[in-house]
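# Residue-level structure breakdown
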Amino acid sequence: MSRMERQCWGYLLVLSCLFQTLSAHSDFYTSIGHMTDLLYTEKDLVTSLKNYITAEENKLKQVKQWAEKLDVLSAIAMQDPEGFLGNPVNAFKLMKRLNTEWGDLESLVLKDTKEGFISNLTLQRQHFPTDEDQTGAAKALLRLQDTYRLDTNTISTGDLPGVTHKSPMTVEDCFELGKIAYSEVDYYHTELWMEQALKQLDEGEESTVDKVTVLDYLSYAIYQQGDLGRALELTKRLLMLDPEHQRANGNLKYFEFQLINQRKAQAQEAQKAQEEGKERRKRLTSDASKKKKRFREPVPERKMYEMLCRGEGIKLTPRRQRRLFCRYFDNHGHPKYLLSPVKQEDEWDRPYIVRYHDIISHGEIEKVKELAKPRLRRATISNPITGVLETAPYRISKSAWLTAYEHPMIDQINQRIEDLTGLEMDTAEELQVANYGVGGQYEPHFDFGRKDEPDAFKELGTGNRIATWLFYMSDVAAGGATVFPDVGAAVWPKKGTAVFWYNLFPSGEGDYSTRHAACPVLVGNKWVSNKWIHERGQEFRRPCGLNETA
């Protein structure tokens, strides 16, 4: 190989390593575990910045001492310039200062002390979050606001449930959130956050963002939502602050014109309704109320999902609650658990969900996280049409797969799941470890392949996902529940526990009541690991049933 070829291969190797590094550090906002690396990066930059400041301060100190010394000397010399220079020592020192010392001072002033800091900043910048990360984190805050019904002031003041490190938001922070919502054509959240920014400005908070800019965004967002009267009021307030604002002057005329037309239309509608007569309105009202009493609208899945995330809408009646028990479980006298059974708790009856307590130790959790963290990548979903794995905005987390041969502990964990469930692990998927990001969630989904997805797990050759085992590897301060919207069930994370349920009936038909979701993490860091167990190999461990849904 020639020297030039070796150089080319060297450059390609460097580029390849750089690309892998950048790829590994993309989508920071989807994993709190990966985001912790950014804190160390920032700490290193702060140290570098402080070193730069110290160097600048030392330089200025020397310059200041020089200036003060010369100021005193000049004051004495200017009292009697000729007499002063009559002293040959003073004459020599003047020549020396102007010829040499001022040159040294010039070199000191021009000395570049920022080089070390800039070099470090340039090096670290390649690992910085991107615009996508900032937008993703902003959308996560808005999602949390909606799911947990938080007002903007609660978020801005940092008064979130379970928070240990309170962090208030500045006007700039609120304005940036509003701007991101605006760029997404989300005028509802634009209004909320621009109002919060304006509120903090009105309360006297100092900011680089001015009221005129905030009012400009706010008035337009409110106009887009149909409130012309309020949009007009805010525009007038803007013009009081900046009478020459070109866009506001144009909007003022347009809003006034539209408001006149709106009021005319409303008056015509009111007159028309009055002419139709009270009797017809009564009849319509009566019919509507009867219809309302006769038919109760089902709660939409999205609404039920958010209610369950807040701890509302759980449908377990006292009678059903009495049928749920806790027990010491040995899986029908399994030799390993005969003398030391595990603690098992019924979480739900239909579908049957059980929780195992103290089933994974702190040491095991830390080892699993240690093995998984370097290989965490943005979690994907299987496209129901193409079958291709792709990222999705409704799944905000990073995941990694750990095989049994990588570490004896993984093999032990897999064996533990087999011993407790009685199901074959050789055909199960590898242990998947997931860490959720800012507002991390996974919206309602099925673990099993439905009839309209016949090729869901065809390439694995192990049949459908018969069951799900889910370890909770961290406590979560607020949010992060696993919820089942169709049945109104909610299971809350508890470190060291695991939950288990069957996705398929013994007949092999899918249990649609197992549709579930991971609620957004409001405060905290959520780590889980799961095992998807497949049909193949379970023929004698869970025999097929003749009843389709039992």
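Residues numbered from 1 in each chain as written. Predicted model: local features only at pLDDT ≥ 70, side-chain atom pairs only at ≥ 80, totals over all residues. Heavy atoms only, no water.

### What to know about the packing of helix H2 (residues 32-77) against helix H4 (residues 88-110)
In the contact formed by H2 and H4, the axes pass within 10 Å of each other and the chain directions differ by 150°. Relative to H4, H2 is oriented roughly antiparallel. Of the two possible hands of crossing, H2 and H4 adopt the one that is left-handed. Residues Lys59, Gln62, Val63, Trp66, Leu70 and Leu73 of H2 pack against Arg97, Glu101, Trp102, Leu105, Leu108 and Val109 of H4. For the contact of H2 with H4, the per-class residue count stands at eight nonpolar, one polar and three charged. (Axes fitted to C-alpha atoms, helices over the stretch in contact; angles between N-to-C directions. Helix = DSSP H or I, 4+ residues; strand = E, 2+ residues; numbered from the N terminus. Parallel < 35°, antiparallel > 145°, perpendicular 65-115°, else oblique. Left-handed = near helix turned anticlockwise from the far one by under 90°. Contact = heavy atoms within 4.5 Å. Nonpolar A, V, L, I, M, F, W, Y, C, P; charged D, E, K, R; others polar.)

### Focus: the confidence of the model for the chain
Per-residue confidence for the chain gives a mean pLDDT of 87, with 90% of residues at or over 70. The model gives residues 290-295 a pLDDT under 50, and that stretch makes zero contacts with residues more than four places away or in other chains. (pLDDT = per-residue confidence, 0-100.)

### Structural notes on the packing of aromatic side chains
For the structure shown, the criterion picks out 20 aromatic pairs. Seen in terms of ring centroids, Tyr182 and Tyr217 are 5.0 Å apart; in terms of plane orientation they differ by 90°. Their pairing is edge-to-face. Residue Tyr182 is found in helix H8 (residues 171-183), and its partner Tyr217 is found in helix H10 (residues 211-224); the two are separated by 35 residues along the sequence. Among the residues examined, Tyr182 registers a relative accessible area of 29% and is labelled partly exposed. Here Tyr217 falls in the partly exposed class, since its relative accessible area comes to 22%. Centroid distance Trp401 to Trp532: 6.3 Å. Interplanar angle 50°. Geometry classified as tilted. Of this pair, Trp401 sits in strand E7 (residues 397-402) while Trp532 sits in strand E17 (residues 527-534), placing them 131 residues apart in sequence. Members of the aromatic cluster, joined through ring pairs, are Phe175, Tyr182, Tyr187, Tyr217, Tyr220, Tyr223, Tyr254 and Phe255. Geometry around Tyr436 places Lys526 over its ring, the cationic atom sitting 4.6 Å from the centre. (Phe/Tyr/Trp six-rings, centres within 6.5 Å; stacked < 30°, edge-to-face > 60°. Buried < 20%, exposed > 50% of the residue type's maximum accessible area, 1.4 Å probe, protein only. Lys NZ or Arg CZ within 6 Å of the ring centre and 35° of its normal.)

### A word on the sheet that holds strand E15 (residues 516-518)
With respect to topology, four strands assemble into an open sheet ordered E9-E15-E12-E13, the strand pairing being antiparallel. A single partner strand is all that each edge strand has here, and the edge strands are strand E9 (442-445) and strand E13 (489-491). Ignoring strand direction, the axes of neighbouring strands in this sheet form an average angle of 15°. Sheet topology note: the E9/E15 ladder contains two bridges and is antiparallel. Bridged to His445 within E15 is His516. (Pairing = 2+ DSSP bridges.)

### Things to note about the state of the cysteines
Applying the stated rule across the entire model yields one disulfide. Between the sulfur of Cys309 and that of Cys519 lies a disulfide, 2.0 Å long from S to S. Between Cys309 and Cys519 the disulfide shows an S-S torsion of about -90°. By sign, it is left-handed. Of this pair, Cys309 sits in helix H14 (residues 301-309) while Cys519 sits in the loop between E15 and strand E16 (521-523), placing them 210 residues apart in sequence. By relative accessible area, Cys309 is classed as buried at 2%. Taking relative accessible area as the criterion, Cys519 reaches 0% and is therefore assigned buried. (Disulfide = S-S within 2.5 Å.)

### Observations regarding the side chain of Ser397
Assignment of secondary structure puts Ser397 in strand E7. A relative accessible area of 1% places Ser397 in the buried class. Discounting residues that sit within four places of it in the chain, Ser397 has contacts with Thr30, Arg377, Arg378, Ala379, Asn435, Tyr436 and Gly437.

### A short note on the sheet that holds strand E1 (residues 326-329)
Remark on secondary structure: sheet strands pair via backbone hydrogen bonds, oriented parallel or antiparallel. Read across the open sheet, the nine strands follow the order E1-E2-E3-E14-E10-E17-E8-E7-E4; overall the sheet is antiparallel. Every other strand in the sheet has two partners, leaving E1 and strand E4 (377-378) as the edge strands with one partner each. When E1 meets strand E2 (residues 342-348), the two strands line up antiparallel, connected through four bridges. The residue of E2 that forms the bridge with Phe329 is Val342. In the packing of helix H17 (residues 408-421) onto the sheet, contacts are made with E1, E2, strand E3 (353-357), E7, strand E8 (431-436), strand E10 (465-472), strand E14 (497-502) and E17, and the angle to E10 comes to roughly 120°.

### Details of unusual backbone geometry
The peptide bond linking Arg350 to Pro351 adopts the cis configuration, its omega dihedral lying at 0°. The topology assignment puts Pro351 in the loop between E2 and E3. Its identity is not glycine, yet Asn331 carries a phi of approximately 50°, on the positive side. As for its placement among the helices and strands, Asn331 is situated in the loop between E1 and E2.

### Focus: the pairing of E2
Within E2, five of the seven residues are buried, which leaves it mostly tucked inside the rest of the structure. Both E2 and E3 contribute to a ladder of five bridges, which runs antiparallel. In the sheet register, Glu345 faces E3, and the bridge partner there is Arg355. Following E2, the chain reverses through four residues before pairing antiparallel with E3.

### A short note on the pattern of salt bridges
Under the criterion given, the structure shown has 29 salt bridges. Between Arg230 and Glu195 there is a salt bridge, and its shortest N-O distance comes to 1.9 Å. Taken together, the residues span a long stretch of sequence, with Arg230 in helix H11 (residues 228-241) and Glu195 in helix H9 (residues 187-202) at a distance of 35 residues. Across the pair Lys451 and Glu509 runs a salt bridge whose closest N-O atoms are separated by 3.2 Å. Of this pair, Lys451 sits in the loop between E9 and E10 while Glu509 sits in the loop between E14 and E15, and the two are 58 residues apart along the sequence. In this structure Lys451 comes out as exposed when scored by relative accessible area, which is 63%. One connected set of salt bridges, linked through shared partners, spans Glu191, Glu195 and Arg230. (Salt bridge = Lys/Arg side-chain N within 4 Å of Asp/Glu carboxyl O.)

### Details of the packing of H11 against helix H12 (residues 246-275)
Packing of H11 against H12 leaves a shortest axis separation of 9 Å and a crossing angle of 155°. Between H11 and H12, the crossing angle belongs to the class labelled roughly antiparallel. H11 and H12 meet at a crossing whose hand is left-handed. Contact with H11, carried on its side by Leu228, Gly229, Ala231, Leu232, Thr235, Lys236, Leu238 and Leu239, involves Ala248, Asn249, Asn251, Leu252, Phe255, Glu256, Gln258, Leu259 and Gln262 of H12 and no other residues of that element. Grouping the constituent residues of the contact of H11 with H12 by class yields nine nonpolar, six polar and two charged.

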